[in-house]
Amino acid sequence: MVKLNKIYTRTGDDGTTGLVDGSRVSKTASRLHAIGEVDETNCALGVAIQSLAADEGETPLVTGLRRVQNDLFDLGADIATPGDRFEPSPMELRIVAAQVEWLEAAIDEANAQLPPLTSFILPGGSLPAAHMHMARVTARRAERALVMASADVAINPQALKYLNRLSDYFFTLCRLINASRGGDILWVPGASR
C-alpha cells in the first residue's frame with residue numbers, strides 16, 4: 001500500500017499535510033494532533049517491546065504487542081481518512097470491532113492470571129513494566145487527543161473504543177510483567193506525612 005522513494009516532498013513546507021483523500025489540513029489541526037499522539041504511543045510501545053524481548057525473547061506477549069503496533073498504524077490511517085463512512089475498503093483502513101474484541105480477550109486472559117487489586121499501584125516495578133507504563137499513559141493521552149478531534153471532525157467510534165481498551169490492556173500487562181519480577185509496587189496513601 002505504501003511506497004516511499006523519497007522521504008521529503010516539500011509539500012508540507014507551508015504548514016499543511018495531506019490526508020488519505022488528498023485534501024490538505026494544517027499541521028496544527030486536532031486530527032493531526034491525534035495522529036501524532038498515536039504515533040508517539042507506537043514509539044513508546046516499541047521501547048516496551050524491546051525491553052521485554054531483551055528479557056524474554058520472542059514470547060507470545062511480544063508477538064501480541066507487535067500486532068498492536070500494526071493496529072496503531074491502521075489507527076493512524078483511520079484518523080487520517082476524512083468522512084463519516086467507517087467501513088473498511090481496499091483503499092481505506094478502518095479500525096473494526098474485531099480489533100477491539102481482540103484487546104478485550106487479551107485483557108481478560110492476562111487478568112485471569114493476576115490476583116485482584118487491593119491498592120493502586122505505582123508506575124514501575126521492573127524495567128519492562130516501567131516502559132509499558134509509559135506506553136499506557138501515552139495511549140491515554142492519544143485517547144484524549146482523539147476525543148478532542150471528534151468534536152471537530154467525524155471519528156470512527158471503533159477507533160475511540162480501541163484506544164480506550166488499549167490503555168487498559170497496557171495496564172493489565174504492566175501487572176502481568178511485574179507478577180514474574182517481584183510484583184507491583186503498591187501505593188501507600190500518606191506514606192510521606
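Residues numbered from 1 in each chain as written. Predicted model: local features only at pLDDT ≥ 70, side-chain atom pairs only at ≥ 80, totals over all residues. Heavy atoms only, no water.

Asker: How would you explain the overall build of the protein chain if you had to name every residue and give the values?
Answerer: When helices and strands are counted, the protein chain shows five helices and four strands. Counted from the first residue to the last, the protein chain has its helices and strands arranged as β-β-α-α-α-β-α-α-β. Once the C-alpha set of the protein chain is aligned to its principal axes, its extents read approximately 50 × 40 × 30 Å. A total of 193 residues make up the protein chain; the buried ones form 39% of that total. Taking contacts inside the protein chain between residues at least 6 apart in sequence as the whole, the part at least 24 apart equals 72%. Only carbon and sulfur atoms are counted for the fraction: they give 58% of the accessible area of the protein chain, which is about 10800 Å². Computed over 19 positive and 23 negative side-chain charges, the separation of the two mean positions in the protein chain equals 4 Å. (Helix = DSSP H or I, 4+ residues; strand = E, 2+ residues; numbered from the N terminus. Buried < 20%, exposed > 50% of the residue type's maximum accessible area, 1.4 Å probe, protein only. Contact = heavy atoms within 4.5 Å. Areas by Shrake-Rupley, 256 points an atom, 1.4 Å probe, with all protein chains shown as cover. Lys, Arg positive; Asp, Glu negative; His and termini not counted. Charge placed at Lys NZ, Arg CZ, Asp CG, Glu CD.)

Asker: Explain helix α5 (residues 157–179) to me, using residue names and the numbers behind them.
Answerer: With 23 residues, α5 ought to run about 33 Å at 1.5 Å a step, and its terminal C-alpha atoms sit 34 Å apart, in line with that. A distance of 2.9 Å separates the backbone nitrogen of Gln158 from a side-chain oxygen at the start of α5, and that oxygen is part of Asn156. (Expected span 1.5 Å × (residues − 1). Polar contact = N/O pair within 3.5 Å; in protein donor to acceptor, adjacent residues only side chain to side chain.)

Asker: Got a sec to walk through the packing of helix α2 (residues 60–79) against α5? Specific residues and values, please.
Answerer: Two numbers describe a pair of packed helices, the interaxial angle and the distance between the axes. Across the interface, α2 lies against α5 with an axial gap of 12 Å and an inter-helix angle of 160 degrees. Considering the angle they form, α2 stands roughly antiparallel to α5. Here the hand of the crossing between α2 and α5 comes out left-handed. Residues Leu61, Gly64, Leu65, Val68, Asp71, Leu72, Leu75 and Asp78 of α2 form the contact with α5, whose participating residues are Ala159, Tyr162, Leu163, Leu166, Tyr169, Phe170, Leu173 and Ile177. The residue makeup of the contact of α2 with α5, split by class, is 13 nonpolar, one polar and two charged. (Axes fitted to C-alpha atoms, helices over the stretch in contact; angles between N-to-C directions. Parallel < 35°, antiparallel > 145°, perpendicular 65-115°, else oblique. Left-handed = near helix turned anticlockwise from the far one by under 90°. Nonpolar A, V, L, I, M, F, W, Y, C, P; charged D, E, K, R; others polar.)

Asker: Give a description of the packing of aromatic side chains that names residues and reports values.
Answerer: Evaluated as defined, the whole model comprises three aromatic pairs. Consider the rings of Trp102 and Tyr169, whose centres lie 5.8 Å apart with planes at 75 degrees: the pair is edge-to-face. With Trp102 in helix α3 (residues 97–111) and Tyr169 in helix α5, this residue pair connects regions lying 67 residues apart in the sequence. Seen in terms of ring centroids, Tyr169 and Phe170 are 6.1 Å apart; in terms of plane orientation they differ by 35 degrees. Their pairing is tilted. (Phe/Tyr/Trp six-rings, centres within 6.5 Å; stacked < 30°, edge-to-face > 60°.)

Asker: Requested: an account of the pattern of salt bridges, with residues and values cited.
Answerer: Taken as a whole and assessed by the stated rule, the structure comprises 11 salt bridges. In this structure, Glu40 and Arg141 form a salt bridge, with 2.7 Å as the shortest nitrogen-oxygen distance. Remark: Arg141 occurs in helix α4 (residues 127–150) and Glu40 occurs in helix α1 (residues 30–56); sequence separation between them is 101 residues. A relative accessible area of 29% places Arg141 in the partly exposed class. For Arg181, the salt bridge goes to Asp55, with nearest N and O atoms at 3.0 Å. Placement of Arg181 in the loop between α5 and β4 (185–186) and of Asp55 in helix α1 is noted, with a sequence separation of 126 residues between them. Each of the salt bridges in this network shares a partner with another, and the network as a whole consists of Glu37, Glu40 and Arg141. (Salt bridge = Lys/Arg side-chain N within 4 Å of Asp/Glu carboxyl O.)

Asker: Tell me about the environment of Ile35, residues and numbers included.
Answerer: Turning to its location among the elements, Ile35 is positioned in helix α1. Here Ile35 is in contact with Gly76, Ile79 and Ala80, once residues within four sequence places are set aside.

Asker: Explain the nonpolar core to me, using residue names and the numbers behind them.
Answerer: In terms of nonpolar packing, the biggest core is built from 43 residues, with Leu65, Met132, Leu166, Tyr169 and Phe170 touching the most fellow members. For this core, the leading source of residues is α1, giving 10 residues. Residue contacts for Leu166: discarding those within four places in its chain leaves Thr41, Val68, Leu72, Leu103 and Ala139. (Core = buried A, V, L, I, M, F, W, Y, C linked by side-chain atoms within 4.5 Å.)

Asker: Tell me what's going on with α1, and back it up with residues and numbers.
Answerer: Over its 27 residues, α1 runs 39 Å from end to end, which matches the ideal 39 Å to within 8%, given 1.5 Å per residue. The first or second residue beyond α1 is Gly57, which carries a positive phi of 85 degrees.

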